[in-house]
Amino acid sequence: MSTVIYISNKQIQVVTAKGTGPSAKPDKAFILDSPEGSVINGIVMDPEAMITFMKGFFTQTGISTKDVSLVINSNKIAGKRIELPTMNDAKTLEFAKREFDDMERETEQIISYTTLPAEKGSKLKRIYAEAVERDFVQDYVVLFKEMGITLKGIYSGEGTMIKMIEKTAAKISRTFIVQIADANILTNILWVDGCFTYYSSQRCFSEPGTAEYYEECVRALSQLTQFMKANQIESPIECIYVGGMQNMDMNTYQILAASSRIEAQVTWYDCGLSNKVGQNFDFTTVLPCLSGLIGQDKPNNMLKYFVVKKKKQTDDFWKKSFILIGSVFAIMFILTAALVFKTHMAKQKLQEAKDYNESPTIMFQLADYDRCVTMMAAGSDRYASYTNMNNAIETYPIYNDSLVSPIMRCASGLAEIEISSFDAEAGKVSFTATADNVENINRFIAKLYDEDIFMDVDYTGYTYNNTDDIWDIHVTCTLAESAGR
């Protein structure tokens, strides 16, 4: 019997099962509230409280403390999707390590990776590489040792979730979105043409099951569709798989998604274990933990590289010690044979090197080099700031004929339009709309929905104006990014 523990923020999930992978048979599942303030963003802030809490849980439930896998969800673990030539595990890790060299880390990093599907006939392979500070993993190793729990693996929540989806939903659909809720954290994963493409997570501030919560989830879907447009991904979304959302009204969510121009079918995410244990086991509430059961991949076990590195450091110490001792004996032997000659030659070479290094020419070149490096760094920073500012400005809509013409085109023959204001920061254009014929209103609104310049059209109805004998149309339009450009 194996056990998986999932730690993120307020919630701790525990699942026991026979075996691992898609053939696993879950037995029990637990959802626990961690001690107040003990875990923040996957970092244990109060070790004593966690040790007491977990010891009590294992004692009360009688679950074995052997053969335990730990899954951690934390933004302390950085991830990158990488495409590289086919190579063995050691060379793959070295390649991935170079990809993280630009990250500023105070301590040594541990690199792990999750294998991703590659295109047929391609000589390249794809991986999702992850980097975390060694101290982060060491803290968990020490913590669980004090709990009396034997860990066989430590995994990232991102890596295991991606691997689980590869083994399940990716077998059914090619371009799809998976939304998994974990307490107040919403994870969004995009798969395009059979390949993992994008991963993001965000905090939800609304209560699950409320209209506000659904709106937050739909906004996350809209952001993914904007990401696809920005990256010129034209493959249509086939399905949206959701899980972990308690009291979920699937019909309401489908309607809200359609109102944001997301026409894909919304359905429950199936992790593929229902046919093994029956429907009495509520999989959707513990999907992040089940990902650690299904999505284990040998290269994504951070504990494996933690142990290997520790052993390598010991071997390197002894190797360096032997080299040092041998070098000392060799030098002593040489010195006894020609001490005077060697001393004289060494002093002469030392003086030559000193004279060279302290010469005015070398000192001037060194100062000039430092000045050039400083100027290049300053120029690079200014260029990056300009680029970021320019990109941000380009996302704001502008008021011009390209913006006004679609609105007037929609109203042509159906309604009278008078634009009253334009707010680029809020992305809204305000106008009054009236119609002589009530039957033309729905046609006018339908045309607004079809316009690409609008990210959202909020139509709330219409009222009859007795004074002017016309119909006032109540509609507010939110512009898409870069509208009018």
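Thresholds applied
- Within every chain, residues take consecutive numbers counted from 1 along the sequence as written.
- Since the coordinates come from a predicted model, pLDDT governs what is reported: local features require at least 70, and pairs of side-chain atoms require 80 or more to be given and counted, while whole-chain, interface and lining totals use all residues.
- For side-chain calculations, the full set of non-hydrogen atoms in the structure is used, while hydrogens and water are omitted.
- For each residue, the accessible area found with a 1.4 Å probe, counting protein chains only, is set against the maximum for its type, and the residue is called buried under 20%, exposed over 50%, and partly exposed in between.
- To qualify as a helix, a DSSP run of H or I must reach at least 4 residues; to qualify as a strand, a run of E must reach at least 2; elements of each kind are numbered from the N terminus.
- Polar contacts here mean pairs of N or O atoms no more than 3.5 Å apart (in protein, one a potential hydrogen donor and the other a potential acceptor; neighbouring residues in sequence count only if both atoms are side-chain atoms).
- The contact definition used throughout considers only heavy atoms, calling two residues in contact when any of these lie within 4.5 Å.
- Here an angle of 0 to 180 degrees is reported between the N-to-C directions of two axes, which are lines fitted to C-alpha atoms, with helices fitted over the stretch in contact.
- The labels follow the angle: roughly parallel below 35 degrees, roughly antiparallel above 145, roughly perpendicular from 65 to 115, and oblique for the rest.
- In this scheme the crossing of two helices becomes right-handed for a clockwise turn of the near helix relative to the far one and left-handed for an anticlockwise turn of less than a right angle.
- Under the scheme applied, nonpolar residues are Ala, Val, Leu, Ile, Met, Phe, Trp, Tyr, Cys and Pro; charged residues are Asp, Glu, Lys and Arg; polar residues are all the others, including Gly.
- The pairing criterion for strands is at least two bridges between them, as found by DSSP.

Asks: Where do I start with helix α4 (residues 157-167) in this structure?
Replies: Within an α-helix, residues lying three or four positions from one another point in the same direction, as the helix has 3.6 residues per turn. With respect to burial, α4 is a largely interior element, 10 of its 11 residues being buried. Of all the residues in α4, the buried ones are G157, E158, G159, T160, M161, I162, K163, M164, I165 and E166. At the N-terminal end of α4, a side-chain oxygen is found 3.1 Å from the backbone nitrogen of E158, two or three residues along, and the residue is S156.

Asks: What exactly am I supposed to notice about the environment of I51 here?
Replies: Looking at where I51 falls in the secondary structure, it is placed in helix α1 (residues 47-61). Residues within four places of I51 in sequence aside, it is in contact with L143, E146 and M147.

Asks: Explanation requested: the packing of helix α11 (residues 401-411) against helix α12 (residues 439-450) in the structure shown.
Replies: Two quantities define a packed helix pair, namely the angle between the axes and the distance from one axis to the other. For the pair α11 and α12, interaxial distance at closest approach is 8 Å and the crossing angle is 150°. On the basis of their axis angle, the class for α11 and α12 is roughly antiparallel. For the element pair α11 and α12, the recorded crossing hand is right-handed. Across the interface between the two elements, R409, C410 and A411 from α11 touch F444, K447 and L448 from α12. Of the residues assigned to the contact of α11 with α12, the class counts are 4 nonpolar, no polar and 2 charged.

Asks: Quick question: what am I supposed to make of unusual backbone geometry here?
Replies: Trans is the common state for peptide bonds, and a negative phi is the common state for residues other than glycine. Phi is positive for N41, close to 55°, though the residue is something other than glycine. Relative to the elements of secondary structure, N41 occurs in the loop between β4 (39-40) and β5 (43-44). In this model, D469 sits at a positive phi of 55°, which is unusual for a non-glycine residue. Along the chain, the position of D469 falls in the loop between β18 (454-465) and β19 (470-479).

Asks: Explain the sheet that holds strand β7 (residues 78-85) here, please?
Replies: Hydrogen bonding along the main chain pairs the strands of a sheet, whether they run parallel or antiparallel. One open sheet accounts for 3 strands, arranged β7-β9-β8; its pairing is antiparallel. Every other strand in the sheet has two partners, leaving β7 and β8 (109-116) as the edge strands with one partner each. In this sheet, adjacent strand axes meet at a mean angle of 30° when their direction is disregarded. With 8 bridges connecting them, β7 and strand β9 (residues 124-133) associate as antiparallel partners. Its bridge partner lying in β9, L84 is registered against K125.

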